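# Structural overview
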Amino acid sequence: MYKDVHSGSCAPAAPRCGPLATISSQALRVSARPAPGDGGSAAVISPCINVCRMEAGLCVGCLRTIDEIAGWAMAGDDDKRRILAAVAQRRAMSDPAP
């Protein structure tokens, strides 16, 4: 168990197949729960999967840069969606073609 810096909760590490394994579909979904003070729109879920280790400038769990991770809590939903798009592009570039 360890403290999840993003939510403040304790959770076991998620099992992974390899350092660039795909992020769970939950990371790319939008929560049905509105963010506080957001006027009812859905909040963007963090791509963090609790496999937090930096290699070559990217987290091996979520494929975000340290700046993207550090700024996530203060970022607006549009910025978070841009980060998720960048993560999806990184994942596509790192996954071997079928």
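From a predicted model like this one, the values you see are computed outputs, not experimental measurements.

Criteria and thresholds
- Residues numbered from 1 in each chain as written.
- Predicted model: local features only at pLDDT ≥ 70, side-chain atom pairs only at ≥ 80, totals over all residues.
- Heavy atoms only, no water.
- Helix = DSSP H or I, 4+ residues; strand = E, 2+ residues; numbered from the N terminus.
- Contact = heavy atoms within 4.5 Å.
- Buried < 20%, exposed > 50% of the residue type's maximum accessible area, 1.4 Å probe, protein only.
- Core = buried A, V, L, I, M, F, W, Y, C linked by side-chain atoms within 4.5 Å.
- Expected span 1.5 Å × (residues − 1).
- Arc of directions from axis to C-beta.
- pLDDT = per-residue confidence, 0-100.
- Salt bridge = Lys/Arg side-chain N within 4 Å of Asp/Glu carboxyl O.

By secondary structure assignment, the location of threonine 65 is in the loop between strand S6 (58-59) and helix H2 (66-71). Measuring from C-alpha to C-alpha, the distance between threonine 65 and glutamate 55 comes to 9.7 Å, with 10 residues separating the pair along the chain. Setting aside residues no more than four positions away along its own chain, threonine 65 makes contact with Met54, Gly57, Leu58 and Arg90.

Turning our attention to unusual backbone geometry. Within the chain, asparagine 50 stands out as a residue other than glycine whose phi angle is a positive 65°. Mapping asparagine 50 onto the fold places it in the loop between strand S4 (42-44) and strand S5 (54-55). Taking relative accessible area as the criterion, asparagine 50 reaches 15% and is therefore assigned buried. With a phi close to 55°, alanine 56 is a non-glycine residue in the positive phi region. Secondary-structure assignment places alanine 56 in the loop between S5 and S6.

Our focus in this paragraph is the nonpolar core. The biggest cluster of nonpolar side chains holds six residues, and these are Val44, Leu63, Trp72, Ile83, Leu84 and Val87. A per-element tally of this core places helix H3 (residues 77-94) first, with three residues.

Moving on: the environment of leucine 58. Turning to its location among the elements, leucine 58 is positioned in strand S6. Leucine 58 sits in the partly exposed class, given a relative accessible area of 23%. Apart from residues lying up to four places away in sequence, leucine 58 is in contact with Arg53, Leu63, Arg64, Thr65 and Arg90.

Let us look at H3. Taking 1.5 Å of rise per residue, the 18 residues of H3 would be expected to cover 26 Å, and the 25 Å separating its terminal C-alpha atoms lies within 8% of that figure. Of all the positions in H3, only Asp77, Lys80, Ile83, Leu84, Val87 and Arg91 are classed as buried. End-on view of H3: buried residues confined to an arc of 115°, all on one side of the axis. For H3, the exposed residues lying more than 90 degrees away from the buried face are Asp78, Arg82, Gln89, Ala92 and Met93.

For the protein chain, the average pLDDT comes to 73, and 56% of its residues sit at 70 or higher. This stretch, residues 1-33, has a pLDDT under 50; its non-local contacts, to residues over four places away or in other chains, come to 59 contacts.

Moving on, we get to the pattern of salt bridges. Applying the stated criterion across every chain yields a total of four salt bridges. Across the pair glutamate 68 and arginine 90 runs a salt bridge whose closest N-O atoms are separated by 2.8 Å. Of this pair, glutamate 68 sits in helix H2 while arginine 90 sits in helix H3, and the two are 22 residues apart along the sequence. Residue arginine 90 is classed as partly exposed on the basis of its relative accessible area, which comes to 21%. Ionic pairing is found between arginine 81 and aspartate 78, a salt bridge with its closest N-O pair at 3.9 Å. Taken together, the residues arginine 81 and aspartate 78, both in helix H3 and three residues apart, mark about one turn of the helix. Overall, arginine 81 belongs to the partly exposed group, its relative accessible area being 36%. Note on aspartate 78: relative accessible area 54%, which makes it exposed.

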